[in-house]
Amino acid sequence: MKITVNEVEKEIQPSSIEQFLKDIDSPIKGSALAINGVIISRVQWPNYQLQENDSLSLFQVIAGG
Amino acid sequence: MLKDSELIRYSRHLLLDDLGAHGQAKLKKAKVLIIGMGGLGSPASLYLAAAGVGSLTICDFDSLELSNLQRQIAYQSDEIGSAKVTLMQQRLKKLNPEISVRCIANKMEEPQFNLELLLADLVLDCTDNMPTRQLINRVCFNGKVPLIVGAAIRFEGHLSFFDHKDPDAACYHCYAPSSVDPQLNCSNSGVLGAVVGVMGSLQALEAIKIIVGIESTVKNKLKLFDGKTLQWQSFTINKDPNCQVCGKK
């Protein structure tokens, strides 16, 4: 199925957020993720199933100031 | 009531339909706690003092270093080695003698935080590390004190507002749930001074809006600023029912 990650289209197998991030070697710790404009809390990542045409925004949590 | 000198000082505010004398009086009565006197705290404190926020409490336990001056614009080169809160207090009092500025020069633990929150209408998180950000969120949630969070690194900025007076509002922990994640900070990743300045200025802007009663569009939102493209992204942060801080216990 097709999804977009930070505006780049990707073809993926159906999977959870956590599995998808592992598949693309993206670090879990320190990351935040929004799907279709809504932040998905990290505790949901193992069970949250990605859907066709989901738009993912993946970024790092920053603490500097 | 505003004095004659205040009517002149704030005359450009008084011309604003959304602010006016009524809003200026609210600013005068407001009590804001600003934690962190670095790259975010510099512009945030200067703008809130200039705007006439009547009672500012500023908190930082660091002394000024040469490497701070690239972004911490409230300070001068001949002030290196002095406590930032002392320098900032002097700067703010010179900028606006009409307001009161109180200093906290130590690292606050939870009991002191809880007492300080009794004296604050609003808190600005201008700190530079995740454990402190998590502590500030937790005490503000427990004390029902609204919290404006700013952060910056490299060319990136983050801005959020968590209205802890609203039981349905999300909190910082709903979005950033771990205090032990690898941390990105200014000393290990770098930051452009003007980017952190933009974010600190926006924290001041949101604070002023909240105090005078203009709706904040960053409530339960995370705004991401890209300093290279000048583009913004906006994400909704829903309350996490299982959040360790604001969820049902």
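In this report, we go over the structure that sits alongside the text. Everything numeric in this text was worked out from a predicted model, so none of it was measured.

Rules behind the numbers
Residues numbered from 1 in each chain as written. Chains lettered and ligands numbered in written order. Predicted model: local features only at pLDDT ≥ 70, side-chain atom pairs only at ≥ 80, totals over all residues. Helix = DSSP H or I, 4+ residues; strand = E, 2+ residues; numbered from the N terminus. Rg over C-alpha atoms; globule rule 2.2 N^0.38 Å. Buried ≥ 20, exposed ≤ 12 C-beta atoms within 10 Å, placed from the backbone. Contact = placed C-beta atoms within 7 Å. Core = buried A, V, L, I, M, F, W, Y, C linked by C-beta atoms within 7 Å. Expected span 1.5 Å × (residues − 1). Arc of directions from axis to C-beta.

1. What about the overall build of chain A?
Next up, step 1: A count of helical and extended segments in chain A gives one helix and five strands.
Next up, step 2: For chain A, the succession of helices and strands along the chain, N to C, is β-β-α-β-β-β.
Next up, step 3: A compact globule built from 65 residues should have a C-alpha radius of gyration of about 11 Å, and chain A, at 11 Å, falls within 12% of that.
Next up, step 4: Once the C-alpha set of chain A is aligned to its principal axes, its extents read approximately 40 × 20 × 20 Å.
Next up, step 5: Counting all 65 residues of chain A, 23% fall into the buried class.
Next up, step 6: Contacts in chain A between residues at least 24 apart in sequence constitute 59% of all its contacts with a sequence separation of at least 6.

2. Description of the overall build of chain B
Next up, step 1: A count of helical and extended segments in chain B gives 10 helices and eight strands.
Next up, step 2: Taking 18 Å as the expected radius of gyration for a compact globule of 249 residues, we find that chain B reaches 17 Å, a close match to that expectation.
Next up, step 3: In terms of its C-alpha atoms, chain B occupies a principal-axis envelope of roughly 50 × 40 × 40 Å.
Next up, step 4: By the burial criterion, 45% of the 249 residues in chain B qualify as buried.
Next up, step 5: Look at the contacts in chain B between residues 6 or more apart in sequence, and 69% of them connect residues 24 or more apart.

3. Let's talk about the nonpolar core
All names here are of chain B.
Next up, step 1: Val32, Ile34, Leu56, Val123 and Ala207 are the most contacted members of the largest nonpolar core, which has 80 residues in total.
Next up, step 2: The element best represented in this core is helix α10 (residues 193-212), accounting for 10 residues.
Next up, step 3: The residues touching isoleucine 34, leaving out its near neighbours within four places in the chain, are Gly41, Ala44, Ser45, Leu56, Ile58, Cys59, Leu124 and Cys126.

4. Digging into helix α4 (residues 41-51) of chain B
Residue and element names in this part refer to chain B.
Next up, step 1: Counting buried positions over the 11 residues of α4 gives nine, a clear majority of the element.
Next up, step 2: Within the sequence span of α4, burial applies to Gly41, Ser42, Pro43, Ala44, Ser45, Leu46, Leu48, Ala49 and Ala51.
Next up, step 3: In the core, the buried residues of α4 are packed alongside α3 (20-29), β1 (31-35), β2 (55-59), α5 (84-95), β4 (122-125) and α10.
Next up, step 4: Glycine 52 occupies a position one or two residues after α4 and carries a positive phi of about 90°.

5. What to know about the environment of phenylalanine 155 of chain B
Residue and element names in this part refer to chain B.
Next up, step 1: Inspection of the secondary structure assignment puts phenylalanine 155 in the loop between β5 (147-153) and β6 (156-162).
Next up, step 2: Taking the C-beta count within 10 Å as the criterion, phenylalanine 155 has 15 such neighbours and is therefore assigned partly exposed.
Next up, step 3: Remark: the alpha-carbon pair of phenylalanine 155 and valine 196, spanning 41 residues in sequence, is separated by 8.4 Å.
Next up, step 4: If we ignore the near neighbours within four places in the chain, the residues touching phenylalanine 155 are Leu192, Val195, Asp226, Gly227 and Lys228.

6. Comments concerning α5 of chain B
Residues and elements named next belong to chain B.
Next up, step 1: Here α5 is 12 residues long and its end C-alpha atoms lie 16 Å apart, about the 16 Å a rise of 1.5 Å per residue gives.
Next up, step 2: Within the span of α5, buried status applies to Lys84, Val85, Met88, Gln89 and Leu92. Mapping the buried residues of α5 onto a view down its axis gives an arc of 130°, with all of them on the same face.
Next up, step 3: Buried residues along α5 sit against α4, β2 and β3 (100-104).

Just distances and angles here, no functional claims.
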